[in-house]
Amino acid sequence: MAERYVGIDLNEKYAMVSYYAQGMSEPGTFSMVTGSEAYQIPVCLCKKKDGMQWLYGEEARRYAKEEKTVCMDGLLKKALASESVESEGTLYEAADLLFLFLKKLLTLPPQNGEEPLPEKIVITTENMNLEYRKLFGLFAERMGISSECLLLLDYRESFYFYAFSQQQELCRNDVVLYYYTVGKLFCWILNREKQTVPQVVTLEEKRYEAMLTERDEAFSRLVKESLKGKIVSTVYLIGDGFDGGWMKHSLAVLCCGRRVFMGKNLFCKGACYAAAAKSGKEDWPYVFMGDNELKLNISLKVERQGKPEFFTMITAGENWYEAGGECEVILKGTPSVEFWFQPPRSMEASVRSLELKDLPLREERTTRLRITAKPVAADRIIFRIIDLGFGEIVRSSEKVWEYMVTV
């Protein structure tokens with residue numbers, strides 16, 4: 001059976017859900033109104049007065065209005081703040097309500113009529129930080145979803161996966177996305193270095209104030225400024241700020257030698273493409289270097305069957321909040337461990353030697369070490385080294401060394 005992936009675009013006001021399976025030409029996005037593109041699902045819940053059923057989205061809003069009862073919204077912001085929500089005299093944890101909302105999204109029927117539980121669930125938000133990670137990690141724990149099944153992305157990375165999952169002519173040169181919503185306008189420009197293996201993709205971000213008057217002329221000037229000197233294949237326009245049919249002159253400027261697409265569901269589709277790429281089932285010849293991605297490969301130089309080789313603990317391009325490596329080695333030589341730090345675009349590496357202070361003196365190759373590397377930010381790694389001894393021959397000293405390394 002083909003693996004199934006679900007991508008959820010979540011913000012404070014609404015969610016969108018896409019579905020993807022191997023063999024599909026592209027992800028599909030669920031609409032709450034059959035035959036329409038009503039993709040946006042309000043992030044809200046309402047409990048029916050009989051107490052037997054929870055409603056969500058537009059149905060919750062309608063019921064609350066008709067029955068003059070409470071529709072609980074703002075669930076994401078309140079859950080992050082560990083707030084409670086009151087309805088009909090009952091107090092609920094906002095996080096519990098958000099988890100119920102997400103659970104209902106996962107019950108949306110796939111297009112092929114199968115009952116999911118998808119192999120991978122990807123949640124994408126405008127920004128992905130530790131607070132979001134902890135919140136969604138708790139949701140996965142409540143749902144019995146393994147850490148391998150849940151992926152977390154920000155919008156920038158979702159855009160990257162979407163853009164480079166399209167036909168080659170759409171991403172032959174730079175790819176640009178304008179994200180315009182609620183008083184803010186971002187311009188994200190993706191560039192790839194075609195001569196590297198894998199091809200390294202970087203994102204340039206520009207932020208602009210909201211256009212309050214004469215939007216068409218203002219956006220035309222903004223496009224000319226932001227794309228000056230760029231060779232751009234494709235431009236995507238995302239967000240409610242582009243609604244209303246106000247683009248006339250600016251659209252002509254955008255379309256000059258470029259393909260232009262407008263829509264709502266790029267980020268949740270990009271989340272599905274990310275799931276497919278990270279599953280390892282498809283060839284993905286790119287590595288993304290965004291704000292949350294680690295910029296270096298971190299390796300140990302080891303000896304296996306008498307031959308030297310490198311064991312990679314952390315790979316450049318991984319999200320720092322998802323990355324981490326662990327291994328066990330037998331120590332040879334001086335009481336220290338050397339880590340090699342190498343950018344993916346360079347043949348040179350820097351070496352950091354971490355001393356194992358007060359390690360007991362032993363015969364050569366009679367010390368086994370467990371080494372873990374865990375990022376705590378995109379530029380900071382904690383290395384933890386534990387003395388395991390050597391089975392029954394040498395008892396462990398139970399010493400632990402921990403180092404914070406800035407890269």
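Residues numbered from 1 in each chain as written. Predicted model: local features only at pLDDT ≥ 70, side-chain atom pairs only at ≥ 80, totals over all residues. Heavy atoms only, no water.

Enquirer: Would you take a moment to explain the pairing of strand β8 (residues 84–87) for this structure?
Expert: Only one face of β8 is covered, namely the face carrying Val85 and Ser87; the face carrying Ser84 and Glu86 is uncovered. Summarising the sheet, β8 and strand β9 (residues 90–93) pair through 4 bridges and their orientation is antiparallel. Opposite glutamate 86, over in β9, you have leucine 91 as the bridge partner. The turn joining β8 and β9, which pair antiparallel and follow one another in sequence, is formed by 2 residues; a positive phi near 50° is taken by glutamate 88. (Buried < 20%, exposed > 50% of the residue type's maximum accessible area, 1.4 Å probe, protein only. Helix = DSSP H or I, 4+ residues; strand = E, 2+ residues; numbered from the N terminus. Pairing = 2+ DSSP bridges.)

Enquirer: How do you make sense of the layout of surface pockets when you look at a structure like this?
Expert: Any empty space left between the atoms is revealed when a probe the size of a water molecule rolls over them. Taken as a whole, the largest pocket holds about 870 Å³ of empty space. Lining the largest pocket are 32 residues; nearest its centre among them are Lys278, Glu318, Asn319, Glu322 and Ala323. Counting only elements with at least two residues in the lining of the largest pocket, the list comes to α4 (130–143), β11 (150–154), α5 (155–163), α8 (266–278) and β17 (286–289). Here the residues of the lining of the largest pocket are counted per class, giving 18 nonpolar, 6 polar and 8 charged. Its volume calculated, the second largest pocket comes out at about 660 Å³. In this structure, the second largest pocket is lined by 21 residues; those nearest its centre are Lys301, Val302, Glu303, Ile330 and Lys332. Put simply, the parts of the chain that give the lining of the second largest pocket at least two residues each are β18 (297–304), β19 (307–314), β20 (325–330) and β21 (336–342). (1 Å grid on protein atoms, 1.4 Å probe; cavity = no way out; pocket = protein on both sides within 12 Å on 5 of 7 lines; lining within 4 Å. Points joined across faces, edges and corners; volume = space filled by probe spheres on them. Nonpolar A, V, L, I, M, F, W, Y, C, P; charged D, E, K, R; others polar.)

Enquirer: It is not clear to me how the sheet that holds strand β7 (residues 72–73) should be interpreted in this structure. Could you clarify?
Expert: The strands that make up a sheet are held in pairs by hydrogen bonds between backbone atoms, and each pair lies either parallel or antiparallel. Spatially, the 3 strands line up as an open sheet ordered β6-β5-β7, and their pairing is antiparallel. Looking at which strands have only one partner, the edges of the open sheet turn out to be β6 (54–56) and β7. Relative to β6, strand β5 (residues 44–47) runs antiparallel, the two being bridged by 3 bridges. Bridging across to β6, lysine 47 finds its partner in tryptophan 54. Sitting on the sheet, helix α1 (residues 57–67) is in contact with β5 and β6, with an inclination near 45° to β5. Packed on one face of the sheet, helix α3 (residues 94–106) meets β5, β6 and β7 and runs near 70° to β6. (Contact = heavy atoms within 4.5 Å. Axes fitted to C-alpha atoms, helices over the stretch in contact; angles between N-to-C directions.)

Enquirer: Can you walk me through the nonpolar core in this structure?
Expert: Within the largest apolar cluster, 68 residues are counted, with the highest numbers of intra-cluster contacts made by Leu10, Phe101, Phe136 and Phe339. No other element matches α3, which puts 9 residues into this core. In contact with phenylalanine 339, not counting residues within four places along its chain, are Ile298, Ser299, Leu300, Met313, Ser350, Val351, Arg352, Leu354, Ile371 and Phe383. Grouped together as the second largest cluster of nonpolar side chains are 34 residues, Tyr155, Phe161, Cys171 and Leu266 included. (Core = buried A, V, L, I, M, F, W, Y, C linked by side-chain atoms within 4.5 Å.)

Enquirer: Would you explain the packing of aromatic side chains in this entry?
Expert: Aromatic ring pairs are defined here through the distance separating the ring centres and the angle between the ring planes. The full count for this structure, using the stated rule, is 34 aromatic pairs. Residues tyrosine 178 and phenylalanine 219 carry aromatic rings whose centres are separated by 5.3 Å and whose planes lie at 80° to one another, so their mutual orientation is edge-to-face. Within this pair, whereas tyrosine 178 is found in strand β12 (residues 174–181), its partner phenylalanine 219 is found in helix α6 (residues 215–226), the two being separated by 41 residues in sequence. Classification of tyrosine 178 by relative accessible area gives buried; the value is 0%. The exposure class assigned to phenylalanine 219 is buried, which follows from its relative accessible area of 0%. Geometrically, the ring pair formed by phenylalanine 339 and phenylalanine 383 is tilted, given 4.1 Å between the ring centres and 35° between the ring planes. Note that phenylalanine 339 is positioned in strand β21 and phenylalanine 383 in strand β24 (residues 380–389), a separation of 44 residues in sequence. (Phe/Tyr/Trp six-rings, centres within 6.5 Å; stacked < 30°, edge-to-face > 60°.)

Enquirer: Would you mind showing me how to read unusual backbone geometry here?
Expert: If a residue is not glycine, its phi is most likely negative; likewise, a peptide bond is most likely trans. The omega angle of the peptide bond from valine 197 to proline 198 is -5°, so this bond is cis rather than trans. Within the fold, proline 198 resides in the loop between β13 (184–193) and β14 (199–209). Look at lysine 68: it is not a glycine, yet its phi comes out positive at around 50°. Looking at where lysine 68 falls in the secondary structure, it is placed in the loop between α1 and β7.

Enquirer: Where do I start with the environment of lysine 295 in this structure?
Expert: Note that lysine 295 resides in the loop between β17 and β18. For lysine 295, the residues in contact, after removing those within four places along its chain, are Met289, Gly290, Ala316, Pro343 and Pro344. Polar contacts involving the side chain of lysine 295 include one to the main-chain carbonyl oxygen of glycine 290, which spans 2.7 Å. Side-chain polar atoms of lysine 295 contact the backbone oxygen of glutamate 293, separated by 2.6 Å. (Polar contact = N/O pair within 3.5 Å; in protein donor to acceptor, adjacent residues only side chain to side chain.)

Enquirer: So what exactly am I meant to see when it comes to the sheet that holds β19 here?
Expert: Read across the sheet, 4 strands follow the order β19-β18-β21-β22 without closing on themselves; strand pairing throughout is antiparallel. Only two strands of the sheet have a single partner each, and these edge strands are β19 and β22 (350–355). Pairwise comparison of adjacent strand axes, ignoring direction, gives a mean angle of 35° for this sheet. Bridging between β18 and β19 involves 7 bridges; their strand directions are antiparallel. The residue bridging isoleucine 298 from the neighbouring strand is isoleucine 314, located in β19.

Enquirer: Quick question: what am I supposed to make of α6 here?
Expert: Given 3.6 residues per turn, any residue in an α-helix points the same way as the ones three and four places further on. The terminal C-alpha atoms of α6 lie 16 Å apart, and with 12 residues this matches the ideal 16 Å at 1.5 Å per residue to within 8%. Of the residues making up α6, those classed as buried are Asp216, Ala218, Phe219, Ser220, Leu222, Val223 and Ser226. Summarising the contacts, the buried residues of α6 are in contact with β12, β13, β14, β15 (232–238) and α7 (249–254). (Expected span 1.5 Å × (residues − 1).)

Enquirer: Would you take a moment to explain the state of the cysteines for this structure?
Expert: As used in these notes, a disulfide is a covalent bond between sulfur atoms, one from each of two cysteines. Enumeration over the complete set of coordinates arrives at 0 disulfides. Note on cysteine 187: no disulfide assigned, nearest cysteine sulfur contributed by cysteine 255 at a separation of 15 Å. A relative accessible area of 0% places cysteine 187 in the buried class. (Disulfide = S-S within 2.5 Å.)

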